[in-house]
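Inside the fold
The chain contents come next:
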Amino acid sequence: DQRFCPRIVEGELRYNCVGAALVGIIHKKPADGGISAVGGTGSFYTYYGPEEVKFKNLSTNFLERDLPKVMPALGLASEPIPLWWTTDFILASPVGTPSEEEKWIV
């Protein structure tokens, strides 16, 4: 049931990180009529570099504002960010929202 994330049909963004550095972005879009973009479901993957302009606002907010809060929020403030890790984002804003005002769900 994806009633809380209706825009999942547009896909999700996977941010691949090494430490605190973004190294790549994957747009994972479900096959037509689907809501899952996992491998083997006919989903489509588009690969972007870490500096992709389309996602500049999300990247900047996540890396500069939100990332320093991740480990403390997990109760691991004294631990380093993992060496290799990912974060998936689903767009939650209504269609037509300017990119600088978009809200993304992790």
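Everything in this summary refers to the structure shown in the same document. Just so it is clear, the structure is predicted and the values come from calculations on it, not from any experiment. (Residues numbered from 1 in each chain as written. Predicted model: local features only at pLDDT ≥ 70, side-chain atom pairs only at ≥ 80, totals over all residues. Heavy atoms only, no water.)

What follows covers the overall build of the protein. Looking only at helices and strands, the protein features one helix and five strands. Scanning the protein from its N terminus toward the C terminus, one meets helices and strands in the order β-β-β-α-β-β. Relative to the globule expectation of 13 Å for 106 residues, the C-alpha radius of gyration of the protein, 14 Å, shows essentially globular dimensions. Taking the principal axes of its C-alpha atoms as reference, the protein extends roughly 45 × 30 × 30 Å. Scored against the burial criterion, the 106 residues of the protein give a buried share of 30%. Residue pairs at least 24 apart in sequence account for 45% of intrachain contacts in the protein once pairs closer than 6 positions are excluded. Just so you have it, the protein exposes about 6,700 Å², and 59% of that area is on carbon and sulfur atoms. (Helix = DSSP H or I, 4+ residues; strand = E, 2+ residues; numbered from the N terminus. Rg over C-alpha atoms; globule rule 2.2 N^0.38 Å. Buried < 20%, exposed > 50% of the residue type's maximum accessible area, 1.4 Å probe, protein only. Contact = heavy atoms within 4.5 Å. Areas by Shrake-Rupley, 256 points an atom, 1.4 Å probe, with all protein chains shown as cover.)

Glancing now at the nonpolar core. In terms of nonpolar packing, the biggest core is built from twelve residues, these being Leu13, Tyr15, Cys17, Leu22, Ile25, Tyr48, Phe55, Leu58, Phe62, Leu67, Trp85 and Phe89. For this core, the secondary structure elements donating two or more residues are β1 (12–18), β2 (21–29), α1 (56–73) and β4 (84–91). Dropping the residues within four chain positions of it, Tyr48 is found in contact with Gly24, Ile25, His27, Lys54 and Phe55. (Core = buried A, V, L, I, M, F, W, Y, C linked by side-chain atoms within 4.5 Å.)

Attention now goes to the packing of aromatic side chains. A complete count under the given rule lists five aromatic pairs for this structure. With a centroid separation of 6.2 Å and 90 degrees between ring planes, the pair formed by Tyr15 and Phe62 is classed as edge-to-face. Within this pair, whereas Tyr15 is found in strand β1, its partner Phe62 is found in helix α1, the two being separated by 47 residues in sequence. Assigned by exposure class, Tyr15 and Phe62 land together as buried. (Phe/Tyr/Trp six-rings, centres within 6.5 Å; stacked < 30°, edge-to-face > 60°.)

The analysis is restricted to geometry; functional conclusions fall outside its scope.
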